[in-house]
Amino acid sequence: MSDSLAPILTIASVLMVAVGGLVTAVGLFRWVSRREYGGGGGFSAICGIVLMLMGWLLPTLFNTLTRMLRTLSGEPAPTSTAKPSATATPTATPTPPVESDPIVLPRVENLETLWLIPLGLLVLAAVWFAVGFGRRELAKRRAEQRRLAKARAEAEGRWAKLKERHRSLEAKVLHAETDWDMLFSYPALTDVNVPTTAAMFRAMNAATSAEVSMPEENLERTNTAWHPYAQAVDDFALAWEAAYRHAKILGQAGIPAEERKKVAEIRTLLAMAENSGSSDLERRHAYSRAQRLIGELTSYHLPEKALAQVEAASRQMLT
């Protein structure tokens, strides 16, 4: 029975070492990757190491246990009988009972070669673990690069929309300061004595000053909504809407009738001056007459940009 158990015991020992190495590798892998797998792995690694040790010591433990059981049971050790003499009367001797010897594993000439089995399994497990860990790290790095590229593109889009909104508001103010229909229809929109208009120009200057604080790099790491430039543009938009709404409500209220007649004449003269179908003499006369009437206005606060525009056009006609 002992000889029949020896190969089975050897196979069981090798399997235990192999399974222990695999369990250890998986446990280490899960322990290193605990953030992705939700933790754990340390206990599995310890169990795998214990299983490898048990498999390696299994034959020795089994033989030791067999000897201890023989000693406790009081079974005598097998002894050899003396050779009978030629003159002695032969007597019948009882046949000793067959005793089971401890399991003896096949003799290995180079015992140190047995360490190659668990060592090889550990090396394979380590290689498998390193390759898997490297692939996962590479995949994580690539995913992080894609995430950063997407975040950078989204951030650049948000900043571009913010600057576009700022430029659009500035264009509205410039139109209000240079378009004569806007100037004469909504004079309060360019009158800094009106509180809403003064607040609008302050907000515009604040947005222009805050634009220089916009980051040039790492846009994805900057919260656009809470940046001073974004808040300044929001304030500018609100101030423009308030000033424009108030100017529309006022209209030409408070403008004397005499000046309204002058404004109507100025509009007619500017339309004639800007009409390419009119003769050069008519256009020069229209610009000259319009400039004189504009200088007589007292209820309108015409911006310097509008006056400079008329003056430049008049000089161009004289050359």
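Our subject is the structure that appears above.
In this text the structure is predicted, and so the values were computed from the model without any measurement. (Residues numbered from 1 in each chain as written. Predicted model: local features only at pLDDT ≥ 70, side-chain atom pairs only at ≥ 80, totals over all residues. Heavy atoms only, no water.)

A. How the structure looks around the overall build of the protein chain. Within the protein chain, the secondary structure is distributed over 10 helices and 0 strands. Beginning at the N terminus, the succession of helices and strands in the protein chain can be written as α-α-α-α-α-α-α-α-α-α. Across the 319 residues of the protein chain, 30% fall into the buried class. Here the analysis covers contacts within the protein chain between residues at least 6 apart in sequence; of these, 73% occur between residues at least 24 apart. Summed over its atoms, the accessible surface of the protein chain is roughly 21,500 Å², and 62% of this surface lies on carbon and sulfur atoms. (Helix = DSSP H or I, 4+ residues; strand = E, 2+ residues; numbered from the N terminus. Buried < 20%, exposed > 50% of the residue type's maximum accessible area, 1.4 Å probe, protein only. Contact = heavy atoms within 4.5 Å. Areas by Shrake-Rupley, 256 points an atom, 1.4 Å probe, with all protein chains shown as cover.)

B. Spatial organisation of the pattern of salt bridges. Per the counting criterion, the structure on display carries 9 salt bridges. Between Lys 305 and Glu 177 there is a salt bridge; the shortest N-O distance is 3.3 Å. Of this pair, Lys 305 sits in helix H10 (residues 304-318) while Glu 177 sits in helix H4 (residues 116-178), and the two are 128 residues apart along the sequence. Salt-bridge contacts for Arg 292 lead to Glu 296; the nearest nitrogen and oxygen are separated by 3.2 Å. (Salt bridge = Lys/Arg side-chain N within 4 Å of Asp/Glu carboxyl O.)

C. Broad picture of helix H8 (residues 257-273). Look at H8: 24 Å from first C-alpha to last across 17 residues, which is about the 24 Å you get at 1.5 Å a residue. Looking at H8, one finds that the buried residues are Glu 259, Lys 262, Val 263, Ile 266, Leu 269, Leu 270 and Ala 273. Here the buried residues of H8 occupy an arc of 130° about the axis, which is enough to place them on one side. Facing away from the buried side of H8 by more than 90 degrees, the exposed set consists of Ala 257 and Lys 261. (Expected span 1.5 Å × (residues − 1). Arc of directions from axis to C-beta.)

D. Molecular detail of helix H6 (residues 195-210). The end-to-end C-alpha distance of H6, which contains 16 residues, comes to 22 Å, matching closely the 22 Å that a straight helix rising 1.5 Å per residue would cover. Every buried residue of H6 is accounted for by Thr 197, Ala 198, Met 200, Phe 201, Ala 203, Met 204, Ala 207 and Ala 210.

E. Local environment of the packing of aromatic side chains. If you walk through the whole model with that rule in mind, you get 4 aromatic pairs. Here the aromatic rings of Phe 184 and Tyr 300 are separated by 5.6 Å at their centres, their planes lie at 85°, and the arrangement is edge-to-face. One end of the pair, Phe 184, is in helix H5 (residues 180-185); the other, Tyr 300, is in the loop between helix H9 (280-296) and H10, with 116 residues separating them in the sequence. With relative accessibility at 0%, the residue Phe 184 sits in the buried group. A residue is classified by how much of its surface remains accessible, and Tyr 300, at 6% relative accessible area, is buried. Taking the centre distance of 5.9 Å and the plane angle of 75° together, the rings of Tyr 186 and Tyr 244 count as edge-to-face. Of this pair, Tyr 186 sits in the loop between H5 and H6 while Tyr 244 sits in helix H7 (residues 228-250), placing them 58 residues apart in sequence. (Phe/Tyr/Trp six-rings, centres within 6.5 Å; stacked < 30°, edge-to-face > 60°.)

Take it as geometry only, folks, not as evidence of what the structure does.
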